[in-house]
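Structural overview
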Amino acid sequence: MVQLTIDGLPASVPEGTIVLEAASDLGIVIPTLCYHPGLTAYGACRICLVEVKKGEKSSLEASCNLVASEGHVIETCSPRVLRARRMIMELLLASCPNSKTLQDMAASMGLNKVRFKIKNRDCILCGLCVRYCKEQMQSGGIGFVGRGTSRRVATAFGAVPQECRNCGGCEWICPTCERACNADNLVDGLCGGCQNLVQVETCPVCTRCSESVGPRGHRVY
Ligand code: SF4
Ligand code: SF4
Ligand code: FES
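Only a predicted model underlies this, so the values are computations on that prediction, with no experimental measurement involved.

Moving on, we come to the overall build of the protein chain. Along the protein chain, the regular secondary structure elements total five helices and 10 strands. In the protein chain, buried positions account for 44% of the 221 residues. In the protein chain, the share of contacts with a sequence separation of at least 24, taken over all contacts with a separation of at least 6, comes to 58%. By element, 50% of the accessible surface of the protein chain is carried by carbon and sulfur atoms, the whole surface being about 11800 Å².

What follows is the structure in structure tokens.
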């Protein structure tokens, strides 16, 4: 077993446990987008960042891709973590302002403006669809093509691939396809239409920062 501390709480987890799951065992909710427990970790979206303390120094690491180590001291909701997550959420929303999943998460973080140019790519390159297709369907019908800003998910030659088994899983798992936001009045990249509907409960774990938990288990900051 590995002993570590998360948000001041002691944890004891089997070797190989990722920090995200160790935190979840303690009831600590860390927002995720590209993580799925049934798929290999990818560490693409970075929304699950946590602060790993090392003496006077600390670093931000993706908790879905970080294996718990003996003596780890982890902060999941420090000011540095919250600032970084909000910045990442702005970048993601600039790519996909019509994703209801992203808009809800942004609302739960108290985001009130997207400062980046809206590009509306309808994909955050989280890789969930590609990993689902390959790992769960053993199909490999879709994959990433291109580099940098041209990177996107595609099928070979843009046609329905022979390997595709029409399971629909790639759409089901996609955080930008599953729940399209129909708002046509984005202001500063944010929909805002649902924010008043966010139900807020007091966070049951940590009262140090007045944190709350909104719908889908995401924190309200
Ligand atoms: S519908 Fe086709 S491309 Fe999509 S996950 Fe299923 S097999 Fe893969
Ligand atoms: S299409 Fe959806 S699931 Fe696939 S990489 Fe883009 S955002 Fe992720
Ligand atoms: S959920 Fe961890 S990097 Fe995306």
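Taken as a whole and judged by the stated rule, the model has two aromatic pairs. Ring geometry for tyrosine 42 against phenylalanine 144: centres 6.4 Å apart, planes inclined by 5°, an arrangement best described as stacked. Of this pair, tyrosine 42 sits in the loop between helix 1 (19–25) and strand 3 (49–54) while phenylalanine 144 sits in strand 6 (residues 143–145), and the two are 102 residues apart along the sequence. What makes tyrosine 42 partly exposed here is its relative accessible area of 33%. Owing to a relative accessible area of 22%, phenylalanine 144 belongs among the partly exposed residues under this scheme. Just above the ring of phenylalanine 144 sits the side chain of arginine 151; from NZ or CZ to the centre is 4.2 Å.

Inspection of the region around ligand 1 gives Tyr132, Cys133, Ser139, Ile142, Cys164, Arg165, Asn166, Cys167, Gly168 and Cys170 as its neighbouring residues. Classifying every residue of the shell around ligand 1 gives six nonpolar, three polar and one charged.

Side chains that differ in charge, positive against negative, can pair when their charged atoms come close. Taken as a whole, this structure holds four salt bridges when the rule is applied. In this structure, glutamate 90 engages arginine 115 in a salt bridge whose closest nitrogen and oxygen atoms are separated by 2.7 Å. Linking glutamate 90 in helix 2 (residues 79–95) with arginine 115 in the loop between helix 3 (100–108) and helix 4 (128–136), this pair joins segments that are 25 residues apart in sequence. Classification of glutamate 90 by relative accessible area gives buried; the value is 4%.

For the rest of this paragraph, the subject is the confidence of the model for the protein chain. Here the protein chain shows a mean pLDDT of 82. Residues at 70 or above account for 80%. Considering each helix and strand of the protein chain separately, the mean pLDDT is smallest for strand 10 (residues 219–220), with a value of 42, and largest for strand 5 (residues 73–75), with 96. Confidence over residues 195–221 falls short of pLDDT 50; this stretch has 66 contacts with residues more than four positions distant or in other chains.

On to unusual backbone geometry. Non-glycine residue leucine 125 carries a positive phi angle of around 55°. Position of leucine 125 relative to the elements: it lies in the loop between helix 3 and helix 4. By relative accessible area, which is 26% here, leucine 125 ends up partly exposed. For glutamine 138, which is not a glycine, the phi torsion comes out positive at approximately 50°. Along the chain, glutamine 138 turns up in the loop between helix 4 and strand 6.

What follows covers the packing of helix 2 against helix 3. Relative placement of two packed helices is described by the angle separating their axes and the distance separating the axes. With their axes 10 Å apart at the nearest point, helix 2 and helix 3 run at an angle of 150° to one another. Put simply, helix 2 runs roughly antiparallel to helix 3. When the axes of helix 2 and helix 3 are compared, the crossing they make is left-handed. Each of Met89, Leu92 and Leu93 in helix 2 lies in contact with helix 3, whose residues at this interface are Leu102, Gln103, Met105 and Ala106. For the contact of helix 2 with helix 3, the residue count by class is six nonpolar, one polar and no charged.

Near ligand 2 the following residues occur: Cys123, Ile124, Leu125, Cys126, Gly127, Leu128, Cys129, Val153, Cys174, Pro175 and Thr176. For the shell around ligand 2, the class distribution of residues is nine nonpolar, two polar and no charged.

Turning next to the environment of glutamate 163. Looking at the element boundaries, glutamate 163 is found in the loop between strand 7 (152–154) and helix 5 (169–173). Its relative accessible area of 42% is what places glutamate 163 among the partly exposed residues. The spatial distance from the C-alpha of glutamate 163 to the C-alpha of cysteine 133 is 9.7 Å, given a sequence separation of 30 residues. Contact partners of glutamate 163, with chain neighbours within four places excluded, come to Ser139, Gly140 and Gly141.

Cut-off values and rules
- Residues numbered from 1 in each chain as written.
- Chains lettered and ligands numbered in written order.
- Predicted model: local features only at pLDDT ≥ 70, side-chain atom pairs only at ≥ 80, totals over all residues.
- Heavy atoms only, no water.
- Helix = DSSP H or I, 4+ residues; strand = E, 2+ residues; numbered from the N terminus.
- Buried < 20%, exposed > 50% of the residue type's maximum accessible area, 1.4 Å probe, protein only.
- Contact = heavy atoms within 4.5 Å.
- Areas by Shrake-Rupley, 256 points an atom, 1.4 Å probe, with all protein chains shown as cover.
- Phe/Tyr/Trp six-rings, centres within 6.5 Å; stacked < 30°, edge-to-face > 60°.
- Lys NZ or Arg CZ within 6 Å of the ring centre and 35° of its normal.
- Near = heavy atom within 4 Å.
- Nonpolar A, V, L, I, M, F, W, Y, C, P; charged D, E, K, R; others polar.
- Salt bridge = Lys/Arg side-chain N within 4 Å of Asp/Glu carboxyl O.
- pLDDT = per-residue confidence, 0-100.
- Axes fitted to C-alpha atoms, helices over the stretch in contact; angles between N-to-C directions.
- Parallel < 35°, antiparallel > 145°, perpendicular 65-115°, else oblique.
- Left-handed = near helix turned anticlockwise from the far one by under 90°.

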